[in-house]
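# What the coordinates show
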Amino acid sequence: MALFSPLLAYPSGDAVEMHLYYGCYSLHVALHPDPSGQWSYWLSPGIMPVEMNHDMPAFVLPSENPEPMRFPGLVGVAVAGTPLNPVALTRCTGAGASAVVAASSDSGGWDVGSARFYLLGKGGIDCLTVNSARTRATLRKLDGRAVDSAESVCVVDGGVAAL
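As the structure is a prediction and not an experimental result, all values here were calculated from the model.

Check the secondary structure of the chain and you find zero helices and 16 strands. Counting across all 163 residues of the chain, residues that qualify as buried make up 28%. Pairs at least 24 apart in sequence give 42% of the contacts found in the chain among residues at least 6 apart. Carbon together with sulfur atoms contributes 59% to the accessible area of the chain, which is approximately 11,400 Å² in total.

Written out as structure tokens, the structure is:
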């Protein structure tokens with residue numbers, strides 16, 4: 001038996017459902033936007049922990065799966081449908097990212113369709129920009145002070161704070 005929290009929240013008012021998987025258990029819930037429109041949530045009707053469904057076979061990693069390849073010092077960009085096939089790569093400073101946070105992007109003439117992220121890690125804080133075709137990634141140093149862990153990063157109104 002696997003129990004789950006009676007309240008689930010997602011940081012976007014546009015989210016409409018959540019699928020959770022844990023071993024051979026699953027839970028699918030419909031989300032509703034909160035009054036502010038910034039979050040979506042699901043609240044169990046009984047406001048008690050919810051039993052997840054035991055409806056999936058246990059996941060076993062196939063033996064023919066290749067050993068993952070590591071590329072220290074690189075940041076890869078992939079399409080959601082093929083996360084193991086990077087479409088763009090760029091070098092990063094330090095020991096890689098401790099946290100990655102979506103950044104708000106201006107929709108200026110050259111920026112239409114570009115995606116921006118903050119990479120926070122031991123090498124400092126960088127801005128990662130991915131072009132609209134998702135074929136080129138560029139990194140720009142914003143601050144050289146190290147960010148040691150994801151727990152020291154917080155999304156705040158209009159930006160990101162790192163301790």
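What follows covers the sheet that holds strand β8 (residues 53–54). The strand order across the open sheet formed by three strands is β3-β4-β8, and the pairing between neighbours is antiparallel. Where the open sheet ends on each side, the last strands, each with one partner, are β3 (17–22) and β8. Two strands pair when backbone bridges link them, and β3 and strand β4 (residues 25–30) are joined in this way by six bridges, in the antiparallel orientation. Counterpart to Glu17 in the pairing with β4 is Ala30.

Pairing between side chains becomes possible if they bear opposite charge and their charged atoms approach one another. For the structure shown, the criterion picks out three salt bridges. Close ionic contact of Asp148 with Lys122 constitutes a salt bridge, the shortest N to O distance being 3.5 Å. A residue pair is termed long-range when its members are at least 10 positions apart, and Asp148 in the loop between β14 (137–143) and β15 (153–156) and Lys122 in the loop between β12 (115–121) and β13 (124–130) qualify at 26 residues. For Asp148, a relative accessible area of 55% puts it in the exposed group. With its nearest N and O atoms 3.2 Å apart, the salt bridge here joins Lys141 to Asp126.

To continue, consider the side chain of Ser44. By the secondary structure assignment, Ser44 is in the loop between β6 (40–43) and β7 (50–51). Its relative accessible area of 8% is what places Ser44 among the buried residues. Leaving out residues up to four positions away in the same chain, Ser44 has contacts with Pro6 and Val50.

Turning to the nonpolar core, a few remarks are in order. If you look at the biggest cluster of nonpolar residues, it comprises 13 residues, and the most contacted ones within it are Leu8, Leu27 and Val29. Looking at this core, the elements with two or more residues in it are β3 and β4. Formed by nine residues, the second largest nonpolar core is a distinct cluster that contains Val77, Cys92, Ala115 and Leu128.

For sheets, the rule is that strands pair by backbone hydrogen bonds, running either parallel or antiparallel. Spatial strand order, β2-β6-β5: three strands in an open sheet with antiparallel pairing. Single-partner strands in this sheet number two, and they are β2 (7–10) and β5 (32–33). Across two bridges, the pairing between β5 and β6 is antiparallel. Counterpart to His32 in the pairing with β6 is Tyr41.

As a further point, take the side chain of Asp143. Among the structural elements, Asp143 can be located in strand β14. A distance of 2.5 Å separates polar atoms of two side chains, one belonging to Asp143 and the other to Arg145.

We now examine the confidence of the model for the chain. Residues at a pLDDT of 70 or more form 87% of the chain, whose mean pLDDT is 81. The least confident element of the chain, judged by mean pLDDT, is strand β16 (residues 159–162) at 80; the most confident is β6 at 93.

The next point concerns a nonpolar patch on the surface. The grouping of Leu7, Tyr41, Leu43 and Ile47 at the surface amounts to a nonpolar patch, some 370 Å² of accessible area in total. One can find Leu43 in strand β6.

Not every positive phi belongs to a glycine, and Ile47 is a case in point at roughly 50 degrees. With respect to the helices and strands, Ile47 occurs in the loop between β6 and β7. Of note, Arg134 is a non-glycine position whose phi angle comes to about 60 degrees, a positive value. Given a relative accessible area of 30%, Arg134 falls into the partly exposed group.

Calculation criteria
Residues numbered from 1 in each chain as written. Predicted model: local features only at pLDDT ≥ 70, side-chain atom pairs only at ≥ 80, totals over all residues. Heavy atoms only, no water. Helix = DSSP H or I, 4+ residues; strand = E, 2+ residues; numbered from the N terminus. Buried < 20%, exposed > 50% of the residue type's maximum accessible area, 1.4 Å probe, protein only. Contact = heavy atoms within 4.5 Å. Areas by Shrake-Rupley, 256 points an atom, 1.4 Å probe, with all protein chains shown as cover. Pairing = 2+ DSSP bridges. Salt bridge = Lys/Arg side-chain N within 4 Å of Asp/Glu carboxyl O. Core = buried A, V, L, I, M, F, W, Y, C linked by side-chain atoms within 4.5 Å. Polar contact = N/O pair within 3.5 Å; in protein donor to acceptor, adjacent residues only side chain to side chain. pLDDT = per-residue confidence, 0-100. Patch = residues over 30% accessible without salt bridge, like charges linked within 9 Å, V, L, I, M, F, W, Y side chains within 5 Å.

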